[in-house]
Structure formats: C-alpha cells, structure tokens
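What the coordinates show
What follows is each chain in one-letter form.
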Amino acid sequence: MRQRTGKREDDVTTTDAVVIGSGPNGLVAANLLVDAGWSVVVLEEQERPGGAVWSDDTVAPGHVHDTFSSFYPLAAGSPTIRGLHLEQDGLEWVQAPAVVGHSFPDGRWGVLHRDRHDTAAAMDADTHGDGEAWLALCETWDRVGDDLIRCLLTPFPPVRGGAGLARQVLRPGGFELVREMLMPARSLVEKLFRGDAARLLVAGNAAHADIGLEAPGSAAMGLLLVLLGQSVGFPVPRGGAAGFSGAMVRRLQHKGGELCLGEPAVGVRVHDGRAIAVRTASREISARRAVLADVSAPALYGGLVAWDELPARLRHRMQRFEWDPSTVKVDWALDGPVPWEGAPDVAPGTVHVADSLDQLSLTGGQVAAGLVPDRPFLLVGQMGVADPTRVPPGGEALWAYTHVPQRVRGDAAAGSAGVRTIHGSWDDADLEAMAERVEARIESRAPGFRDRITARRVLGPKQLEAMDRNLSGGAINGGTAGLHQQLVFRPVAGSGRAETPVSSLYLASASAHPGGGVHGACGANAARAALWHHRLRTPWRRP
Ligand SMILES: Cc1cc2nc3c(=O)[nH]c(=O)nc-3n(C[C@H](O)[C@H](O)[C@H](O)COP(=O)(O)OP(=O)(O)OC[C@H]3O[C@@H](n4cnc5c(N)ncnc54)[C@H](O)[C@@H]3O)c2cc1C
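Let me sum up the structure you'll find in this document. For clarity, every value in this text was computed on a predicted model and none was experimentally measured. (Residues numbered from 1 in each chain as written. Predicted model: local features only at pLDDT ≥ 70, side-chain atom pairs only at ≥ 80, totals over all residues. Heavy atoms only, no water.)

**Some points on the overall build of the protein**
Per the secondary structure count, the protein includes 18 helices and 21 strands. In summary, the protein has a C-alpha radius of gyration of 23 Å against a globular reference of 24 Å for 543 residues, a match within 12%. By its C-alpha atoms, the protein is 65 × 55 × 45 Å across when sized along the principal axes. For the protein, the residues scored as buried account for 59% of the 543 residues in total. Counted over contacts in the protein with a minimum sequence separation of 6, partners at least 24 positions apart contribute 72%. The averaged location of the 61 negative side-chain charges in the protein is 9 Å from the averaged location of its 55 positive side-chain charges. (Helix = DSSP H or I, 4+ residues; strand = E, 2+ residues; numbered from the N terminus. Rg over C-alpha atoms; globule rule 2.2 N^0.38 Å. Buried < 20%, exposed > 50% of the residue type's maximum accessible area, 1.4 Å probe, protein only. Contact = heavy atoms within 4.5 Å. Lys, Arg positive; Asp, Glu negative; His and termini not counted. Charge placed at Lys NZ, Arg CZ, Asp CG, Glu CD.)

**Quick word on helix α1 (residues 24-35)**
Here α1 contains 12 residues, and its C-alpha end-to-end distance of 16 Å stays within 8% of the 16 Å for a straight helix at 1.5 Å per residue. Summarising burial for α1: 11 of the 12 residues are buried, a large majority. Along α1, the residues that are buried comprise Pro24, Asn25, Gly26, Leu27, Val28, Ala29, Ala30, Asn31, Leu32, Leu33 and Val34. Downstream of α1 by a residue or two, Gly37 has a phi angle that is positive, lying close to 90°. (Expected span 1.5 Å × (residues − 1).)

**Some remarks on the site of the ligand**
Taken together, 33 residues lie around the ligand, and Asn25, Glu44, Phe71, Asp468 and Gly517 are the ones closest in. One of the backbone nitrogen or oxygen atoms of Glu45 is found 3.1 Å away from a nitrogen atom of the ligand. Between the ligand and Ala265, the relevant distance is 2.9 Å, taken from a nitrogen atom to a main-chain nitrogen or oxygen of the residue. The protein chains hide 95% of the 1000 Å² of surface that the ligand would expose on its own. When its residues are assigned to classes, the shell around the ligand shows 15 nonpolar, 12 polar and 6 charged. (Near = heavy atom within 4 Å. Polar contact = N/O pair within 3.5 Å; in protein donor to acceptor, adjacent residues only side chain to side chain. Areas by Shrake-Rupley, 256 points an atom, 1.4 Å probe, with all protein chains shown as cover. Nonpolar A, V, L, I, M, F, W, Y, C, P; charged D, E, K, R; others polar.)

**Some words on the nonpolar core**
Within the largest apolar cluster, 54 residues are counted, with the highest numbers of intra-cluster contacts made by Trp134, Trp141, Leu223, Leu227 and Leu360. Beyond its immediate stretch of four places on either side in the chain, Trp134 contacts Leu112, Arg116, Thr119, Ala120, Met123, Phe193, Val226, Leu227 and Gln230. Judged by nonpolar contacts, the second largest core, of 39 residues, contains Leu27, Ala30, Leu33 and Val518. (Core = buried A, V, L, I, M, F, W, Y, C linked by side-chain atoms within 4.5 Å.)

**Concerning the environment of Pro235**
Positionally, Pro235 belongs in the loop between α10 (218-232) and β9 (236-237). As for Pro235 and Gly364, which are separated by 129 residues in sequence, their C-alpha atoms are 27 Å apart. If near-sequence neighbours (up to four positions away) are discounted, Pro235 is found in contact with Ser70, Phe71, Tyr72, Pro73, Ala76, Trp93, Val94 and Gln95.

**Focus on the packing of aromatic side chains**
A full pass over the atoms with the stated rule returns 9 aromatic pairs. Ring geometry for Tyr72 against Phe244: centres 5.2 Å apart, planes inclined by 75°, an arrangement best described as edge-to-face. Here Tyr72 is found in the loop between β5 (63-66) and α2 (73-76), whereas its partner Phe244 is found in helix α11 (residues 242-254), with 172 residues between them in sequence. According to the relative accessible area criterion, Tyr72 is buried, its value standing at 1%. Arranged with centres 5.6 Å apart and planes meeting at 20°, the rings of Trp399 and Tyr401 form a pair that is stacked. Taken individually, Trp399 and Tyr401 each receive the classification buried, so the pair is uniform in this respect. Members of the aromatic cluster, each reached through a chain of ring pairs, are Phe71, Phe234, Trp399 and Tyr401. (Phe/Tyr/Trp six-rings, centres within 6.5 Å; stacked < 30°, edge-to-face > 60°.)

**Describing the packing of helix α5 (residues 130-153) against α10**
Contact geometry of α5 with α10 gives a least axis separation of 10 Å together with a crossing angle of 105°. By the angle class used here, α5 and α10 are roughly perpendicular. Listed contacts from α10 to Trp134, Leu137, Cys138, Trp141, Ile149 and Leu152 of α5 are Leu223, Leu224, Val226, Leu227, Leu228, Gln230 and Ser231. Taken together, the residues that form the contact of α5 with α10 break down as 11 nonpolar, 2 polar and no charged. (Axes fitted to C-alpha atoms, helices over the stretch in contact; angles between N-to-C directions. Parallel < 35°, antiparallel > 145°, perpendicular 65-115°, else oblique.)

**A word on the sheet that holds strand β7 (residues 98-103)**
Read across the sheet, 7 strands follow the order β8-β7-β15-β17-β18-β14-β20 without closing on themselves; strand pairing throughout is mixed. Edge positions in the sheet fall to β8 (109-112) and β20 (453-459), since each has one partner strand and no second. Adjacent strand axes in the sheet meet at a mean angle of 20°, parallel and antiparallel pairs treated alike. (Pairing = 2+ DSSP bridges.)

**Some thoughts on the side chain of Arg390**
With respect to the helices and strands, the residue Arg390 is situated in the loop between α15 (383-386) and β18 (396-404). Residue Arg390 is classed as buried on the basis of its relative accessible area of 0%. One polar contact links Arg390 to Asp66, side chain to side chain, over a distance of 2.8 Å. Among all residues touching Arg390, those that are not within four sequence positions of it are Gly62, His63, Val64, Asp66, Val236, Pro237, Gly239, Gly240, Ala241 and Met383.

**Structural notes on the pairing of strand β11 (residues 265-271)**
Note: β11 against strand β12 (residues 274-280), 6 bridges, orientation antiparallel. Pairing of Arg269 across the sheet is with Ala277, part of β12. Linking two consecutive strands that pair antiparallel, namely β11 and β12, is a turn of 2 residues; a positive phi of about 50° is found at Asp272 within it.

**Here we look at unusual backbone geometry**
A cis amide bond links Arg490 to the next residue, Pro491, at an omega of -5°. Residue placement: Pro491 occurs in the loop between α17 (461-467) and β21 (505-507). Omega for the peptide link from His513 to Pro514 comes to 5°, which places this bond in the cis form. For Pro514, the position within the fold is in the loop between β21 and α18 (521-537). Phi at Asp272 takes a positive value of approximately 50°, unusual for a residue other than glycine.

**Points about the side chain of Asp355**
Relative to the helices and strands, Asp355 is located in the loop between β15 (348-353) and α14 (357-368). Classification of Asp355 by relative accessible area gives buried; the value is 16%. At 2.4 Å, the side chain of Asp355 forms a polar contact with the side chain of Arg445. Apart from the residues within four sequence positions on either side, Asp355 is in contact with Phe104, Pro105, Arg375, Arg441 and Arg445.

Below is the structure:
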C-alpha cells in the first residue's frame, strides 16, 4: 500500500471506494473491501492511523501508554476481527494474570479471574452462593454467547442471516439472558448476587457505557464485558495499541489498499442522490462504487454532506442526536507497581475504583445532572501488569479515565476542604484539579502511589478531540449508548443500518449501530452493505 503523507497539488484519483477515517471501523471496512477485490483509498486527517486505537511513549521514555483505548475483549469476541487473522500481520494478544479487579475502600477486592472457577471461588469467599450464580451465568453464556455476539454485531433489524441467528439466541437460557441485558444494571446485580464483589464486578463494567445503572438496558454492557472477560479475557496488543492498528494497516497494504495520512476529507460530492466523490483540500477522489464514512454522524450529516443533499426529516432528527458524556484521562509513568491495599495475589490488568453500588449510581447521576463528580468512578489500566514489554523493569505505565459532563453546570466537590473547584472550561487549571482528584482517589486505595509517579500527562475533552475529531467534546462512543439511540434509533430514529439517505454513502463509525467499542462491526456492516448494493446494481457481474 502506498502510505502517503502531506498534501498533493491538483491530484484527481479514481477508486472503487473511499473510506474517510482510519479508526478501527474504517480499517476493518477497508480490509473487507480489498478482500472483495475493490480498490480502496483511506483518507486520514491525522498524521497517524488508528483513530482511538493508538499508543505512544511521550509520557516518559521507555513507558508505552495507550493514548486512548486499551483493552479489547470486544475485538477478541468479534467474528469479523478474528476473521482478519491479524496475527499474520504482527498482532500478538497478551493477557494480564487476572482480568478485572474492583477495589473497595476497606481493602477488599472483587476479582474476575481468567478461570471461571477461580472467579466463582473468590465470589463465594466474599458472599456464599454468589459463586454458584456466577457459574450458572457462565453456562448460559456457553450456550448462546457466540450467537448473541453475532446478533448484536450485525445490522439491525436483522434481515438476512440475522433472523436465523435471532432464533438460535432464543435457545434455552438465551431468552432470559436477553431479558437480563435489557434490565437496569442495578436491578440485575441485586437480583443475581448478594455480595458486593460480584455485584460491583458487573456494575463497574456496566458503567463503561453511559446508561444510568437504574435505566433499562444498562445491564447489557455489564454482562457483555464480564462474560466476554471470562471467556476471552481483556487482551491487549503486545507492545501497545498501535500494534493493533498497525496490523490492520499492514494487512490493507499487502492487499493493495492506499492510506493517505494528514489528508482530511472536507466534503462528499453527491450527484443525483448518489455519493460519487470525496474532496480534500487539494484534490477530488472519484468513488466508482461507494464512500464509507468513519466519522461521527454530526460530522457527516450537514458537515461532509450538505443539508441540501439530505432529506429534511434527517436534519430534524439529527437535532435530537445525543452525545455521550465527556472524558478526562490521566497517564502516569511510575517507578514501581501501584501499592494497592489488599492487592489480590493475581494482579488484574483493569481495575475499577468505586466505593459501592450506591456511590456508582450517585456518580452517574452527578454526570447526568451536569456536575463534575466529587468522587469520580475510575477505570484504571495497569499496562505493565498486562504487558511487561511496555515498561522498564519494575516500572508501570498506568492510566485512569473518568467521565465528566459534556456541559458542566457545576462541581459536586465545590466548597469541600482542600479540593480545587473545577469550572468546566477544561483549561490547564481544570485539568490539573481533575488530575489531583483522580490521584487522591487512587492514593486513598494505594497509600504511597503518588511517591511512585515520575511523569504525568492529562488529556481532557479538548485534547482528545484535537487528536481524533470523532471524540467530540471528549465523547468516546460516537453518541450515547442509551436505548433511545440504539438499534433502529442509531444514530437517529429509523436507522440501525449503515445505509444513509444518500445512495452509495455508508456511515461506518461508532455513531452507527452497534455503537462504541473496538469490535469493527460498524465498519464491517458498512462494507458489507456497500458490497451487497453493488452486487444488486451489477447482477450480470456475479460469479
Ligand atoms: C480514552 C478512551 C478509552 C477507550 N477505551 C476503550 C477500550 O478499552 N476498549 C474498547 O473496546 N473501546 C474503548 N474506547 C472506545 C473506542 O476506542 C471507540 O469506540 C472506537 O475507536 C471507535 O472507532 P471508530 O473507527 O468509529 O472511530 P475512531 O477510532 O474515533 O476513528 C475515527 C478516525 O477518523 C478520522 N477522521 C475523522 N474525521 C475525518 C475527516 N473528515 N477526514 C479524515 N479523517 C477523519 C479521525 O482522525 C480518526 O482517526 C475508548 C475510547 C477512548 C477515547
């Protein structure tokens, strides 16, 4: 593949498909199209590929930090990504000794181990009976998990193939599992388990999405992540997340695709209701067959495609599009491991920090009410635990991220002694204050943590968006995962598939069904829709 950077003058190109954006969804789409024999040009605004799947060593020499995403159970569980056989292009998955840990204020831990029986034993040690409930859940997953994943990752409503899958999911136990996924996470964990360890393991994973724990559908992410975590782990690419994107780029390269870095798309040309070309600052690339946009829905509709080319009802519906909350991420280089109190014997790569189910609910409520949480829920990654090649001997590359409101109306910690108030402009002072709050939270669980910090980087909403335009205002999932914007409501009512009102134009990003996370399904659905429509238009060329 030609990998070009820089701008070119008066250059006009013709290709079968243009993919706008080289995030995981764009790269999966491009790979599937080249597999079908199409010529493909991928345009990427940044000087590097990968979107929110990237890593760098700029925090401190010898410490590789994942710049954005880190743990890839959804990729490991995704039939499409598995089908790319990226290990042939250099991807190597590695796993932490334990999958996820939940740290409680009194030094107790909930631990999702690699082996389900170890997880069950740990849950039973916390509260007798929870281990049995866990094993029963795992057995249901054994029966329907693969089919359920395939169903979730295919276009909605499932027209071809998907209908058959849906029938399989309704096998014994599957129907009940689907119902449980539609429950509020809080009701589900209170129904399934009696102890904090099991409850918080599921609820903490549910909090990866932005659905309140009391809202229907919030259990889905919790169950999906813990059950995937139990079956495929929370793998990370050896050497850093860039190795994952790099493998997808290399695969594309071998098959003749072209990636143009530092070349943002500025518009999609539409003729007679069909997308026919993509404009950049210096050229126009004709797309004979399709344009696939790995950009957010608000950036595509009324942005790359002018409203004049789109139905009025779409404009009306897009006014109701809802972003997911914003994010602040802190990366640290440490000269030793995190000195967690009561640390489990088997170290988890991912750690969740929340005091209790109630506190997790309260934090979510604060974000929903526009308040910066006073005791933020932390998702923590111990990357040296998961992959020792990323750190100098004995060191640690740690990160934590937490969600804050898109529009800050106040700070829940305002007036608390010794705590700096955050105003929501996310200037240096706000970022510094948020980083201190996050550090204080870890220090309370791991006394001596601060003494081990040798370098720090804070990425707020503005920095995240500057490094990847799809992370608008610090949103990480291409729009809320709330039920009202899922399935046939993603990104707006009446969608649910990659097709757009413009013929030959497909929405391939996390703004499309099934949403955020690195599973490649949005890109795969877009590529398959493009291939299908092309076959319908040119039936005489079918083999
Ligand atoms: C801090 C953070 C932590 C996360 N943690 C995890 C995790 O651990 N596991 C997980 O599964 N998911 C995680 N996610 C979510 C996951 O990374 C995203 O859902 C996923 O990357 C979405 O993929 P995408 O291809 O749709 O978009 P992106 O990855 O955002 O890629 C979009 C690409 O399009 C480019 N682009 C945009 N507009 C244009 C244009 N006009 N022209 C050219 N290029 C353009 C961007 O520069 C970018 O490269 C995390 C995200 C963040 C930010």
